[in-house]
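Structural description and commentary
So you can see what is in the structure, the chains are spelled out below.
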Amino acid sequence: MTNGVLDEVYQRLQQTGPERDGWLSNHAPMAAEALVRHGHGDRVHAWIDGYADRLSERPRGIQRISAGQWREPLGDPVRTGDWLTFFDRQLTERPWREVLIEWWPRLLPGVAAGATHGVIRVGHAVRALCDSEQDGAAATPARVAELGAGLGYWAARWQPLAPAGKGPYRSTDPRSALDAVPRVPQQRSGIRTRLAQLADLPGWPESAGAVPGDGGSGAPDRLAAIVEAAVLRYGTHGHGNPVMLVHAATAPSAIARVLPVLPPALWEPSVQAAWAATAAVTSAYSPADARAMPARGATDAAELMARGLHDQDSHGIKFIDTALDVHRRTGEQAVLDVATYANELITRG
């Protein structure tokens, strides 16, 4: 990332809240990071101008959260301002990696926080921090503050996935495992109601707990395979809920971006949480039937993010960002085609 544009964006957004109107997340910092990373820094401020009416003020705190008394306010959205202040303080006093490693295992069980936007925002912030430290430079204050905002949002909306249930489950490769995830019965409600149904869903705990893939593969490869499977499955199931099914791919992608800065002891829990998030979103929003994508010419990777920028939807931008990561790893043309289709579905809706 060059010329400090992303730091300018983070400074511009620093006094905005993580949500508006209750559960609607502030996507501006995440989409901006993706746009700058893919060479559109010269247009990112204009994109934020267009997003400005969806920004709210940063919430004020109610009562100080101490380092030794964090469990009770965890998952309390009324304390969002307190959590933001808490992580501002933590990141001022200690290196950002130290804070992240301490809090990652505490927050990871609540991976569903804010419809997975808590972990997604942290993933974008960590990638930006790692970029800023290239060639021995120090992490910039604006990027450290953005990590604090992501961690604070995650803590305030911390939401564990249902641990109970019954039924057999078998998994092989990630794509067939996603196809086997059972759907929640009530598909006409918000995400909180949908995720609450997982507790009584036959097969759910096995779906969430049995991470698919070759047991001999390392955690980074298994996690990358989950992201790839979720991206490709969007091509046949994204029509069911074009916006929400994006998160089946972007949530594990965010965890993959954090994995390199975590100690190996945290890798396996991270893969498990990534799979649980992907399976939960799949269960909550997948349509009953697959549908083939419309035929189209091959998509060019170099033009894909420009399409997302043109259409201006933050979910489209973030899905494209994840798809481009997958394409760099696999070279699969189908990944780019799915990302084009996803952007069309999202902006059409």
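What you see is a predicted model; the values in this text were computed from it and never measured.

1. Structural notes on the confidence of the model for the chain
With 93% of its residues at a pLDDT of at least 70, the chain reaches an overall mean of 91. In this model residues 164-170 is a low-confidence stretch, pLDDT under 50, and it forms 23 contacts with partners more than four residues away in sequence or in other chains.

2. Focus: the side chain of His 239
Within the secondary structure, His 239 is located in the loop between α11 (219-237) and α12 (247-258). Polar side-chain contacts of His 239 include one of 3.4 Å to the backbone oxygen of Asp 289. With sequence-adjacent residues up to four places away left out, His 239 is seen in contact with Pro 287, Asp 289, Ala 290, Arg 291, Tyr 341 and Leu 345.

3. Some thoughts on the environment of Pro 263
Position of Pro 263 among the secondary structure elements: in the loop between α12 and α13 (267-285). Sequence separation between Pro 263 and Ile 101 is 162 residues; the distance between their C-alpha atoms is 7.8 Å.

4. Considering empty space enclosed by the protein
Scanning the model with the defined rule gives 4 cavities of 30 Å³ or more in all. Of the voids in this model, the largest cavity is the one considered here, and its volume is about 80 Å³. Here the lining of the largest cavity gets 4 residues from one element, more than from any other, and that element is α11. Of the residues contributing to the lining of the largest cavity, the split by class is 5 nonpolar, 4 polar and 1 charged.

5. Considering α12
Relative to the 16 Å expected for 12 residues at 1.5 Å per residue, α12 spans 16 Å between its end C-alpha atoms, a close match to the ideal helical length. Counting buried positions over the 12 residues of α12 gives 11, a clear majority of the element. Among the residues of α12, those classed as buried are His 247, Ala 248, Ala 249, Thr 250, Ala 251, Pro 252, Ser 253, Ala 254, Ile 255, Arg 257 and Val 258.

Conventions and cut-offs
- Residues numbered from 1 in each chain as written.
- Predicted model: local features only at pLDDT ≥ 70, side-chain atom pairs only at ≥ 80, totals over all residues.
- Heavy atoms only, no water.
- pLDDT = per-residue confidence, 0-100.
- Contact = heavy atoms within 4.5 Å.
- Helix = DSSP H or I, 4+ residues; strand = E, 2+ residues; numbered from the N terminus.
- Polar contact = N/O pair within 3.5 Å; in protein donor to acceptor, adjacent residues only side chain to side chain.
- 1 Å grid on protein atoms, 1.4 Å probe; cavity = no way out; pocket = protein on both sides within 12 Å on 5 of 7 lines; lining within 4 Å.
- Points joined across faces, edges and corners; volume = space filled by probe spheres on them.
- Nonpolar A, V, L, I, M, F, W, Y, C, P; charged D, E, K, R; others polar.
- Expected span 1.5 Å × (residues − 1).
- Buried < 20%, exposed > 50% of the residue type's maximum accessible area, 1.4 Å probe, protein only.

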